[in-house]
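# Results of the structural survey
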Amino acid sequence: MKIALVCPASLPATQFGGILFLSVDIARESSNLGNDVTIYTTDLDFSNNANTFNKDLPKEETLENFTIKRSHVWFRINLFFVNPGIYFQMMKDSPDVIHTIGIRSFQSFIATIIAKKKNIPLVISDQGGLTTHPDLKGGGIFKKILYKLQTPMIHFIINNSTKISVANEYEKKIFEKFDQVSKIEIIRNGINLETMKTKTDNFKKKHGIVLPFVLFIGRFSKVKGIDILLHAIKILKDQHELENICFVIMGVDFGFQNKMVQMIDDFDIKQKIHLIINPSRDDVIAAYSESEFLVLPSRWELSPLTPLEGFAFKKPVISTNVHGIPSTITDRKNGILVKNEDYHELAEAIMELINDKQKCLEYGLSGYNLVKTECNSKSMTEKTLRMYNQIINR
């Protein structure tokens, strides 16, 4: 089968996050099974920010058994990257199926045009909270106008899709509002366990960390709830249990880094925190491995991959009970879910896991079993390929 995957970003821009890893994992697993897979994407290089597009990246590159075809971004509006060359790249090729990930994107719009012109089955995935992401309601007037202008594009993409792949029941309900129920299929997100390896031998030694640590990892964005975590640390900072533990906060700036640093200073908690900015993927994986547990107090997530990566190392996760998070983290089974914005309850949950090693072990093992049996890239890809075959053979 000849498969075209379309995504706003791909390797080497790993800090872009979830949809990049999903497309790469589908490409890797599908090509390993003998399929001909190409990812069509931009030349986002990231280089520790979301603004770097690198013309020196190869226009076409084979990695493992799949191909990445990049075209240059002429301009961007926030995370809307305009790379007209993708149209000509895709028009030259004739895949059996097109699967685009990230619907609010120029790339998905082009993929839909190509699918319509060439009569190719089109699978769409969003993974971005199409109508529920907090940024849709917040932000300035410019962002609100942009999102409004995207509305006809989104309807065009959804109406011309053959199948809609969603990660969980929460995302299914989002798409049901577009009157496309018959197209929807739930395929749970998964991570590639074989890639959860690192060249960083001793993460703590490398970064001068002496104490055991609790880990936050993610974009430095208000949506990720970093401010809530800092409030919780402020509450806990003088408790004697914290004398022998610290917090590692690692990620890349998405608009909140300066505010985060200021809060750390204002709360007088600098001595309890190791801040790691723009970490390598190796350091991220090493941090999972050496941490005690993860704290991810997000205000919104659709189907987060970071908890699954923590589970791969048998680490429990503390998060919030909102949006799609409970579809990944089950309260009192593989982690603890607290009320959104409630930093007092978050502080209590942190203390609970610090003081109960057995509970950490039990929750971590439960999370690992979830990843091993269901939320892994092999299972995700097998179900995705089955869906491709069904629509190709109609």
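Because the structure is a prediction, the values reported are computed rather than measured.

Bringing the overall build of the protein chain into the picture now. Looking only at helices and strands, the protein chain features 13 helices and 16 strands. Its C-alpha atoms give the protein chain a radius of gyration of 21 Å, within 12% of the compact-globule value 21 Å for 394 residues. Projected onto the principal axes, the alpha-carbon positions of the protein chain cover approximately 65 × 45 × 40 Å. Counting over 394 residues, the protein chain shows a buried share of 56%. Considering only contacts within the protein chain whose residues lie at least 6 apart along the sequence, 71% involve residues at least 24 apart. Approximately 16,700 Å² of the protein chain is accessible, and the part contributed by carbon and sulfur atoms is 50%.

We now examine the pairing of strand 15 (residues 317-320). For a regular strand, side chains alternate in direction, first toward one face of the sheet and then toward the other. Going residue by residue along strand 15, you find Val317 and Ser319 tucked away on one face and Ile318 and Thr320 tucked away on the opposite face as well. As paired elements, strand 14 (residues 294-296) and strand 15 share 3 bridges and run parallel to each other. Looking across to strand 15, one finds that leucine 294 is bridged to valine 317. Handedness of the crossover joining strand 14 and strand 15 through helix 10 (residues 306-311): right-handed.

On to the packing of helix 3 (residues 106-118) against helix 4 (residues 141-159). Contact geometry of helix 3 with helix 4 gives a least axis separation of 10 Å together with a crossing angle of 40 degrees. Relative to helix 4, helix 3 is oriented oblique. In this structure, helix 3 meets helix 4 at a crossing whose hand is left-handed. From helix 3, Ser108, Phe109, Thr112, Ile113 and Lys116 reach across to helix 4, where they touch Met153, Phe156 and Ile157.

A word on the packing of aromatic side chains. Counted by the stated rule, this structure contains 8 aromatic pairs. An angle of 55 degrees between the planes, with centres 6.2 Å apart, marks the rings of phenylalanine 16 and phenylalanine 81 as tilted. One end of the pair, phenylalanine 16, is in the loop between strand 1 (2-6) and helix 1 (18-32); the other, phenylalanine 81, is in strand 6 (residues 80-82), and 65 residues separate them in sequence. With respect to burial, phenylalanine 16 and phenylalanine 81 carry one shared label: buried. When the centroid spacing of 6.3 Å and the interplanar angle of 45 degrees are considered together, the rings of phenylalanine 175 and phenylalanine 178 count as tilted. Both residues of the pair, phenylalanine 175 and phenylalanine 178, count as buried. Ring pairs connect the aromatic residues Phe16, Phe53 and Phe81, which therefore count as one cluster. A cation over a ring is seen here: arginine 219 above phenylalanine 16, with NZ or CZ 5.7 Å from the ring centre.

Let us look at the environment of asparagine 83. Topologically, asparagine 83 is positioned in the loop between strand 6 and helix 2 (85-92). Asparagine 83 sits in the buried class, given a relative accessible area of 0%. In the structure, asparagine 83 is positioned 132 residues away from leucine 215 in sequence and 36 Å away in space, judged by C-alpha atoms. Once you skip the residues sitting within four places of it in the chain, asparagine 83 turns out to touch Thr41, Thr42, Ser71, His72, Val73, Phe106 and Gln107.

Among the structural elements, lysine 116 can be located in helix 3. Linking lysine 116 and aspartate 135, residues 19 residues apart in sequence, is a C-alpha distance of 30 Å. Side chain to side chain, lysine 116 and asparagine 160 meet in a polar contact 3.4 Å long.

Quick notes on the rules
Throughout, residues of each chain are indexed from 1 in the direction in which the sequence is written. In keeping with the predicted nature of the model, local features appear solely for residues at pLDDT of at least 70, side-chain atom pairs appear and are counted solely at 80 or more, and the whole-chain, interface and lining totals rest on all residues. Where side-chain values are given, they derive from all heavy atoms of the structure, hydrogens and water being excluded. Helix and strand definitions here come from DSSP, where helices need a minimum of 4 consecutive H or I residues and strands a minimum of 2 consecutive E residues; each element is numbered from the N-terminal end. In this description the radius of gyration comes from C-alpha coordinates, and the expected globular size is given by 2.2 Å times residues to the power 0.38. Relative accessibility decides the category of a residue: with a 1.4 Å probe and only protein chains considered, values under 20% of the type maximum give buried, values over 50% give exposed, and everything between is partly exposed. Contacts are residue-level and defined by heavy atoms, with any inter-residue pair within 4.5 Å sufficient. Per-residue accessibility takes into account occlusion by the displayed protein chains alone, with areas from the Shrake-Rupley method and a 1.4 Å probe. Two strands pair if DSSP finds at least two bridges between them. Here, the term right-handed applies to a crossover whose path from the first strand over the helix to the second runs clockwise when the strands point away from the viewer. The axes are straight lines fitted to the C-alpha atoms, using for helices just the contacting stretch, and the angles between their N-to-C directions are given from 0 to 180°. If an angle is under 35 degrees, it is roughly parallel; if it is over 145, roughly antiparallel; if it lies from 65 to 115, roughly perpendicular; otherwise it is oblique. Two helices crossing with the near one rotated counterclockwise from the far one by less than a right angle form a left-handed crossing, whereas a clockwise rotation gives a right-handed crossing. Here is the rule: rings of Phe, Tyr and Trp (six-membered ring for Trp) pair when centre to centre is within 6.5 Å. Planes less than 30 degrees apart are stacked, more than 60 are edge-to-face, and the remainder are tilted. Whether a charge lies above a ring is judged from NZ of Lys or CZ of Arg, which has to be within 6 Å of the ring centre and within 35 degrees of the ring normal. Under the rule applied, a polar contact is a pair of N or O atoms within 3.5 Å (in protein, one hydrogen donor and one hydrogen acceptor; residues adjacent in sequence only if both atoms are side-chain atoms).

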